[in-house]
Structures are given as C-alpha cells and as structure tokens.
Amino acid sequence: MKKILLVDDEPNIIMSLEYTFKKQNFEVFIARDGQEALDILKTEQPDVIILDIMMPNVDGYATIESIKKNEKLTHCKVIFLSAKNKESDIEKGMQLGANAYMTKPFSIKKLVDQVNELLATSS
Amino acid sequence: MNSGYLLVILLLYLGLLFFIAQWAEGKGNSKWTNNPYVYSLSLAVYCTTWTYYGSIGVAANSGLNFIPIYLGPVIAFPAWILILRKIIRISRVNKISSIADFISLRYGNSRFMGALVTLIALIAILPYIGLQLKAISETFHIVTNSEESNNVFFDTSTYVAIVLAVFASFYGTRYVDASEKRKGIVTAVAMESLLKLFFFIILGLYVTFYVFDGFDAIYAKASLMESFEERNTIHGLEGGMNWMMLIVLSFFSIFLLPRQFHMSIVENNREKHIRTAIWLFPLYLLLFNLFVYPIAWGGNILFEGKNVNPDMFSLLIPQLFDNTIMTVMVFLGGFSAAISMIVVSSITLSTMLSNNLLIPYGVLGSLQKDNQESNSERIVNIRRIGIFLLIILAFIYYRYFIMDFSLVSVGMISFVIVAQLGPAFFGAIFWKRGSLNGAVAGIVVGMLICFYTIMLPFLLSSINPGSNFFKEGFFGFTILQPFQLFGLDYLDPIPHALFWSLLFNVLVYMAVSVSFKGNYRERNYAEMYVDIDKYINNHENAFVWKGTAYVSDIQKVLKRFLGEERTNRALSIFKMKYNIAPDNLMADARLVKFAENLLTGHIGTASAKILIESVTKEDKISLPEVLKILEESKENLIINKKLTETSNELKELSSQLKKANENLVLKDKQKDEFLDTVTHELRTPITAIRAASEILHDDDEIPDELKKQFLQNIITESDRLNRLIDKILDLEKFETGKQKIYPTQGSIVQTISKSLSPLQQLISNKKIHVEFDENQNTTFISFDEERIIQVITNLVSNAIKFADEKDGIIIITLSEHEDEYLKVNVFNNGKGVNPEDLESIFDKFYQSSNQNIKKPIGSGLGLAICKQIIEAHKGKIWAENVQNGVTFSFTLPKKIQ
C-alpha cells in the first residue's frame, strides 16, 4: 500500500484530497502546515507528498528544502499544489526539487493521474 | 659722575642692543622673536623721553594733565581689534610699508599724496627726533655734572646720534623690500621697552618708599604746599574740554605716528598678536604712569623754592641723595626711550622719504634702466643716507632751534601735525566716497591752520616774545588771534590748534569729496580698503583694469628689481593661484595688480604704478564703468549666493523626489503583493469548491453523510468568497470617496457590546479573558454604528488572533477628552507589532514583511478598512506597543461635521 502525505492549511481542501486518495487505496497522512509535515516525516517515508506553499509557520518552500536534505526521503515524490500560478513561482518550485507543480484550483482527476504517473516512473 | 665712565657705560649698553638685534636677526622666525609679547612691547616705542621725563614735569607743574596722553591709546584699544586688523590686512595684501603708502594707495595710488604725507611726517617728526637728542644731551650733562658746550664736538649727543644712525641704517635697511619684517630692530626695541619700564619702576619705588614713607607720606606733605589744590583739579568744563581734545589727540597719534604705524602694522607678523597687545599695552602704560605722580610731587617737595627743571626730577632726586647707581639706571632708561624712538622713526621716515618722495620724483627714471643688483644697492643706499641725513637734520634742529622748548610742547606740536592725517586715514578705511582731492584739501587746510595757530606763534615767541601778533592777531584782526581763533578763548594752545585744524580738515575733506567725484582708481581702492575682508584671499580680483599688457614686458620690469629668480618664482605662484596657462602672453588686471604689489615694497606704491604703466597700455575707464564692474562683482556674489540657495533647494527637492519614488516603488511592490494575496485568497475557496464539486460529480458511490459534508463545504466557501469580494469593494468605495457614512446619535458602549456578542464563541474557544465594563456611562455621540461595529469587530478579532495563546487577555477601555473626542482602546497581551510596521499595518496592501511566503492571517484588508471608516468620521486610528502587549486605539470626535 502506497503512502501519501497531504500538506495544506485549508481543511476543506484536505477533506477532498483525503477522500480521493483513500479511495485510491493510499495510506493517507495529513499535516496542516510545514512543521506538522516535517514531524510526520521523522517516522514515515511516504511515496508521494502533496505540498501547499503558502502556509503559516513553515511554508512549502522550507518544507521541500528539509525533505531534499533527508536521505531517507530520496525516493519520495513531491507535488506542489499551490494557488501561486506565476511562471516564476513554478520555476522556483521545480528548482527546489519538486517532481511536479499543479496550480489551484485543480482537477482532482488530473492530480490523481499525475500521482500515478510519478509512481509508475519510479518503479 | 665722570663723563668718561658714563660714556663707557653707554657704549656697553649700545653694544648690548647691537648684540640683541644681531641675535634676533639670526633667530629668524623663532618663537623668541615672533611672539605676541615682543609685538606688544615693541608698541611701547610710543613712550619716549617725553613720557620718561616730560610727564613728570607736567605732573609737577599742572597735576593730572599728563594723563590724557595715555587715556587716548587706552580708549583706542577696544577699537584696535576692528581697526588695526583691517589696516593690517590691507597693508599685507598690498605690501604697504608706511603710512604714506597706505594713504596714497587708497587715494588712487597718488604720487602727490604720498609725497604730501611724507612731508607732513617729516615736519612733525624731525623736531621730535631732535627732542630726543636734546633729552639725551641734557640728561648726560646732569648725570655728569658738566655744562653743555657750544661746540658740537664736545656734545655727547653728537656721537650718540652718529652711533644711532649707524645702528638704524644697518639694521633698518637689511631688506630692499621695505615691507619685510625687521626682527632685529623689533626685538631690540621690545628689550628697551622692558628696560625703560623696569628702571622707571625701580625709581618710583625708590622715591616712594626709600626717600619718602610711601604714597600717604608724599600726599601729606604735598597737600600742604601752596599751589597743590590749584594744580590738581580738572578746572571745570573748560578744563574738561582741554582734556577731551588731548584724548582725541593721543587717540589719533597711536594710529598715525609713523613709528606706531610701522610697529603695529608693518612689523605685525600675525593678526592674533593684536589680542595680546590690547591688554598688555594698556597695562604697560598703566605701570608706567603709576609712579609719575609720586615722583613729580616728591620732587616738588624736595626742591621747593629752588629753580630746577621739573622734567629732570627723576635724575635730580637720586642725585640729591648721592645714589649714583640709581641715577645711571634712570639715565639708561631715558636713553632707551630716546633711542628706540630715534631708530624706529628714522627708519620709517627714510622709507617714506625714499619710496614716496625721492624715488617717484627723482631717481625712478634711472632705476628703470638698471639691473637688479645695482638697483637694490641704490635703493638701500638712498635709505641709508636718508636715515643718516634725518638724524643729522634732527640734530641740527635740536642744536639750533629747540634748545629752549620743553619736552612736552615739541611733542605735542608733532602730535597735532600728525593728527592732520587722521581724517584722510580713517576715511580711507570707512568711507568709500572719500576722494583724493578731498583728502589733499583737508590736509592742506588743516596744516595751514596748524601753522597759524601753533607753529608760527611758537617760532615768533622764540624770536620776538613781545610780538603783538598774539594779542591783536593777524593785521590787527582780533578775531584772528592765534590762540583764541574766532573768539574760542578757553582752550589751551595745543587743544585749541587741534580743535580748529581738525574741524576744518574734516569739513573740507568731506565737502570736497562729496562735491567732486574722485577718479576710477580711487573708487576702486576705496572698495578694496573698506571691504577688505571680502577681498582678502584674492584681492587681485578686485582690481579694475582694462588695457593691453604683455606678460614678458611686466616680467622685464620685475626682473630689474626682484632679480631673475624671484620674478620667475613669483609669477609661477601667481599663475598657479589663478590657474592661468604658463604660456599665456597677455597680462590681465590681476597680473598688473600683482606686479605692482611686488614692486611696492621696493620703491613704494606710486613708483610701482608708474613703472607698470610704462610697459602697459591702459584703456581709460570711466567712473561709472568702474562702479558698474564693482557692482557686477557684488551682484555676482549675490547671484552666487542665490545659486547656492537654489541648488540647495533643488537638492532638497531631488531628495524628496527620491524618497517619493522609493515610496512609490515600495507601494508598487506592496500592490503586487496585495494582488497576489487577493488572488490567493480568492482561489482558495474556489479550489475547495471545485474539488468538492468534482468529487460529487464524478463519484456516485459517495456516502450520503460525506456528500452532505462536501455540499456544506461548497456553501461555506461560497460565502467566504462573497465576503472577500465585499471587503475589496468596501475598501474601493472608501478610497474613491463613494462610501458615505450615516451617523446617528448613540452610545459607543452599546455598540461595543453589540460587536462583542458574535465573537463570544470564538473567545471562549480560545479561553481568552475579555475585560469590558458594559455598564459604564458615556456621552452620546454621533457615528455610523454599522461601520463602527465593523471596526470594533475587526480590532477585537485581531486581538483574539494575536493575544497570548495560553492566557490571552483583551481589555477594552473608553476615555473622553473634554468636548473634543472619545477614545476607544483595545489591548491584547500578544507579542506586539514590529515597531517599523506600526504605521504601515493600516495600509491596505500591508501584510507582514514575509507575507509572500508565510500565509497571512486574514486578507490584509481589515485594518485598512478600519482606517478608512475612522477617517471618514474625522477620527484617528493607531497602534502602539505597550508593556506586555499592544493597544489599538481610535478616536471619534464628539462633534461630527
């Protein structure tokens, strides 16, 4: 069973994501900001992380930097899911090592496809 | 005392002076010779034998009348700082070496004026030098108990005069440039000043405390004498007038006596030395006069009824007690006083004679063709011979004309004559309109009156004392009595002569100056003299000259007097100063003036001008043109000032613009950030709605419970979206002034209560303690309740967000300020606002500094809207960090417009 970590401060968005990926047979972990995500990642090594950028306390950028430093998480795919939709934002996200960048509002179907695609290339 | 011994002592003393002068010359500019004390002491050349012996005679005969001669200089001293500094500056930049140069340059570089001043100085000072020789001779005979001989070869003063002439001509003419400093002479004079004071004080102490038992004892005895009362009053108003005239006389003398001009101006090394002189020199005079009175009245007591000359009391008293050492010391003091005066006066007179009379009127033509070495030699020789001649002339004068006059009368006559230069002199530095014609006319008229009221009567009285000229006046016109001119009968002859001569001198000077304008050169120098402080650093610029001149021609002239090397050096310094190309062929006004200055010290101002004129072709300039040029240069100064001001204003403006621009850039950036935030805020509910909708649309297996939950989410997020849009539109309306407020009378306490109730749930969730007294009384004021609720809700919501997480406290208080306004404070115990952000948090685009990254709490519009609402009520809103937290306050005026 693949593991997925959902990081976002909007409870209603998390709710939709949680429902969707549970249905796709993922083991789902939830964090409401970067700090909570990093706490979970101390014990868990999910296959995919869906990461918001603008969050209180630790934001998405800082979170991915920590993830990339952690050797245990090298296999981990990160997808930014953000309302920041400027070219420069996307570029920055990719440079920090994200595997994909999706802008909000997003299509759940496309997100699921993206996740599956990433998991397929890695195995 | 044996005259042979005294001669030996004299020679030794003179040898000491030679030694000091030689030593000082060798020292150059060391602190021993170039210091304010030497300068101040050298000014005491003012105190001649007249002071040393004569004031005792005056004090013995007429009590206090010796004092005004010293009061004048003392009164003059405060003005020194102003006047002397000005004269020193003018003289320094123009290389002036005598008072004749000083006056003649100011009046258009006039050769005639220089000669006139020189002649007057000669008439005034020669007898005065003779007087000093007379004093030396007389005192010598008293000390040695010998008789004066009719044979000049047995007269000591003959030899003293020769030795002094050698001394003065050697040390006084070491430099061809007469404006150079003569360290040797100055130091020797300073030394003599010290000695004469020292000897005089010793004598004073001797008479007061050895011969008598102190001041009281002398007074006790003197007051018993018949004429004591009569001789010791000021003699009422008439006496006071006499005193005043004498004070005026000595006030003028301290500036105008050629030796004083020389010591205080030409030999001045540093302007700041004046600061020491203004207290040290008056102190010197005070010390000198301290014992005049006791010695004079001591003498009156000791020699009562005997026919002795009271001028000589200071020698006769120690002699009476057979105190030879004291007698010799007093003699040496008087000798010092005499020779300082003789040496300095003869040097200055010979400089004037050569630079202002002989060279410009005689030998200039031949100097013009010769080379530098022989020119320098000839100039120095002229001066040497001049010094010799002057001293010999003075000697002859003394031997054959003034044997019988008292010290004081001759001294006074010289003072009165020199005072005739006063109006032209002071006019030179304070009155721009003073002209050559006016000055010459004034001096001539003054001199004529002098001659009639004082010189002629003195001459006549020595030839024919019974002449009825004194009683009946000229051709029997009693109104023209020489001592009571125009019926003025209460002044003594000297004050009388001074009064009339100066009065007419000043009147004529002013009348002629005002009536006939001087030429352009006079007006030019008038400007430079009166406003010297403006031109001190580049005075060549102030010289107005138009014409054709070649640098090479001027150079040739300079070389004849300065030599090749000095000329080249001077010119290269000049070119450097004014940034002129080295190969510039044509000379301008500045170079003409510069060249004149270089020559001035050697041959005087008038000759310098004549020489430079001979190699240049000057175009005539009219007086109005000069005034225009001078005015233009003044205007330039003003324009420059204005330009500076404008440029400063521009700088100020540009810095304001820069600031404004920076502000705009910041605002622009903030605007971008705001748009980012707004779009993010708008997209967030849309994202939630879209995600929920997609699930509901695509997923048929979704349980009912969850389906309801997703639909509820869609409703919530839609409402959120709507609220956000409302806020943005609200702000927009306030900002463009479209939003109106609708004030009604109400109680702010009730409004706060209303605002708090919807927040109660949130408050209790976060376990925050809120303090607010709902029962307090408050004035009803007028405000838009709905809007103020919005403000309070926003402030309290913020307070809830930021209050301490564990023990949150919010305190809401009210205060009233007279009739003006009502204030609401909302305090929370959070960590406070970054001090830099205290003001900007009310900006609509403000989030926190790192808002791009960290998710802001709220949209960042709340406070901006609050500010708009409060300002629409004419109130104020602000935040301040206080102890343990932060307070947001707003005011509402009680009378809303």
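Predicted model only: the values in this text are computed from it and were never measured.

When you look at the overall build of chain A in this model, what are you seeing that I'm missing?
Counting its regular elements, chain A contains five helices and five strands. What you see in chain A, going N to C, is helices and strands ordered as β-α-β-α-β-α-β-α-β-α. Residues classed as buried in chain A amount to 43% of the 123 residues present. In chain A, the share of contacts with a sequence separation of at least 24, taken over all contacts with a separation of at least 6, comes to 58%.

Where do I start with the pairing of strand E5 (residues 100-103) of chain A in this structure?
Residue and element names in this part refer to chain A. Here strand E4 (residues 77-82) runs beside E5; their pairing, made up of four bridges, is parallel. Paired with serine 82 across the two strands is threonine 103, which belongs to E5. Tracing the backbone out of E4, into helix H4 (residues 87-95) and back to the parallel element E5 gives a crossover that is right-handed.

Explanation requested: the confidence of the model for chain B in the structure shown.
Segments scoring low in pLDDT should not have their predicted coordinates read at a detailed level. Residues and elements named next belong to chain B. Across chain B, the average pLDDT comes to 82, with 88% of residues at 70 or higher. This stretch, residues 847-857, has a pLDDT under 50; its non-local contacts, to residues over four places away or in other chains, come to 20 contacts. Both scores are given for the predicted complex: the pTM is 0.62, the ipTM 0.93.

How should I be thinking about the interface of chain A and chain B in this particular structure?
It is common to report an interface's size as the accessible area lost on association of the parts. Counting from both sides, the interface comprises 19 residues of chain A and, opposite them, 18 residues of chain B. Along the lines of polarity and charge, the residues of the side of chain A that touches chain B split into eleven nonpolar, four polar and four charged.

Before we go on, may I ask you to explain the environment of alanine 44 of chain B in this structure?
Tracing the sequence through the fold places alanine 44 of chain B in the loop between helix H2 (36-42) and helix H3 (49-62). Each C-alpha atom, one on alanine 44 of chain B and one on leucine 285 of chain B, is 8.1 Å from the other, the two residues being 241 residues apart in sequence.

Can you help me understand the sheet that holds strand E1 (residues 3-7) of chain A in this one?
Two strands in a sheet stick together by hydrogen bonds in their backbones, pointing the same way (parallel) or opposite ways (antiparallel). Residue and element names in this part refer to chain A. Strand order in the open sheet formed by five strands is E2-E1-E3-E4-E5, and the pairing between neighbours is parallel. The sheet is open, and its two edges are formed by strand E2 (27-31) and E5, each paired on a single side. Going from strand to strand, the sheet's axes swing by 20° on average, the running direction of each strand aside. Note: E1 against strand E3 (residues 48-51), four bridges, orientation parallel. The partner of leucine 5 across the bridge, within E3, is isoleucine 49. Docked against the sheet, helix H3 (residues 60-69) engages E1, E3 and E4, running at close to 175° with respect to E4.

In this structure, what is going on with the sheet that holds strand E4 (residues 769-771) of chain B? I would like to understand it.
All names here are of chain B. In space, the five strands of this open sheet follow the order E4-E6-E7-E9-E8, with mixed pairing throughout. Where the open sheet ends on each side, the last strands, each with one partner, are E4 and strand E8 (877-882). Neighbour-to-neighbour, the strand axes of this sheet turn through a mean angle of 20°, independent of strand direction.

Help me understand the packing of helix H32 (residues 785-802) of chain B against helix H33 (residues 862-872) of chain B in this model?
Helix packing geometry: the angle between the two helix axes and the distance between the axes. All names here are of chain B. Where H32 contacts H33, the axes come no closer than 9 Å and their chain directions differ by 145°. Considering how the two elements wind past one another, H32 and H33 form a crossing that is left-handed. Between H32, through Arg787, Gln790, Val791, Asn794, Leu795 and Asn798, and H33, the contact on the second element is made entirely by Gly862, Leu863, Cys866, Ile869 and Ile870. In the contact of H32 with H33, the residues fall into six nonpolar, four polar and one charged.

What is the right way to look at the nonpolar core in this model?
Nonpolar side chains in soluble globular proteins tend to be buried together. Residue and element names in this part refer to chain B. Ile103, Ile129, Leu164, Leu256, Ile391, Val416 and Leu421 are the most contacted members of the largest nonpolar core, which has 193 residues in total. With 20 residues, helix H16 (residues 324-369) is the single largest residue contributor to this core. Not counting the four nearest positions on each side in its chain, leucine 421 is found in contact with Ile99, Ile103, Val117, Ile120, Leu256 and Ile443.

Is there a simple way to think about the environment of glutamate 625 of chain B in this case?
Of note, glutamate 625 of chain B is situated in helix H28 (residues 623-698). Between the C-alpha atom of glutamate 625 of chain B and that of tyrosine 520 of chain B, which follows or precedes it by 105 residues, the distance is 8.2 Å.

Quick question: what am I supposed to make of H3 of chain A here?
Note on helix geometry: an α-helix contains 3.6 residues per turn, so any two residues three or four positions apart are oriented the same way. All names here are of chain A. Of the residues making up H3, those classed as buried are Gly60, Thr63, Ile64 and Ile67. Around the axis of H3, the buried residues are gathered within 95° of arc, so they sit on the same side. Buried residues along H3 sit in contact with E1, helix H2 (34-41), E3 and E4.

Would you mind showing me how to read the pairing of E2 of chain A here?
The side chains of a regular strand alternate, residue by residue, between the two faces of the sheet. All names here are of chain A. The pairing of E1 with E2 spans five bridges and is classified as parallel. Along E2, the bridge assignment pairs lysine 3 with glutamate 27. Since E1 and E2 lie parallel, the crossover through helix H1 (residues 11-23) that links them has a hand, and here it is right-handed.

Looking at this model, I keep getting lost on the packing of H2 of chain A against H3 of chain A. Mind explaining?
Residues and elements named next belong to chain A. It is at 9 Å that the axes of H2 and H3 come closest, and there the two elements cross at 20°. What the angle tells us is that H2 and H3 run roughly parallel. H2 and H3 meet at a crossing whose hand is right-handed. Where H2 abuts H3, its residues Gly34, Ala37, Leu38 and Leu41 lie against Gly60, Ala62, Thr63, Ser66 and Ile67. Grouping the amino acids of the contact of H2 with H3 by side-chain chemistry returns five nonpolar, four polar and no charged.

When you look at helix H30 (residues 748-756) of chain B in this model, what are you seeing that I'm missing?
Residues and elements named next belong to chain B. For H30, the full list of buried residues reads Ile748, Ile752 and Ser755. Each buried residue of H30 sits inside an arc of 60° when the element is viewed along its axis, so together they form one side. Residues of H30 that are buried sit in contact with strand E5 (781-783), H32, strand E6 (809-817) and strand E7 (821-828).

Rules used throughout
Residues numbered from 1 in each chain as written. Chains lettered and ligands numbered in written order. Predicted model: local features only at pLDDT ≥ 70, side-chain atom pairs only at ≥ 80, totals over all residues. Helix = DSSP H or I, 4+ residues; strand = E, 2+ residues; numbered from the N terminus. Buried ≥ 20, exposed ≤ 12 C-beta atoms within 10 Å, placed from the backbone. Contact = placed C-beta atoms within 7 Å. Pairing = 2+ DSSP bridges. Right-handed = clockwise from strand over helix to strand, strands pointing away. pLDDT = per-residue confidence, 0-100. Nonpolar A, V, L, I, M, F, W, Y, C, P; charged D, E, K, R; others polar. Axes fitted to C-alpha atoms, helices over the stretch in contact; angles between N-to-C directions. Left-handed = near helix turned anticlockwise from the far one by under 90°. Core = buried A, V, L, I, M, F, W, Y, C linked by C-beta atoms within 7 Å. Arc of directions from axis to C-beta. Parallel < 35°, antiparallel > 145°, perpendicular 65-115°, else oblique.

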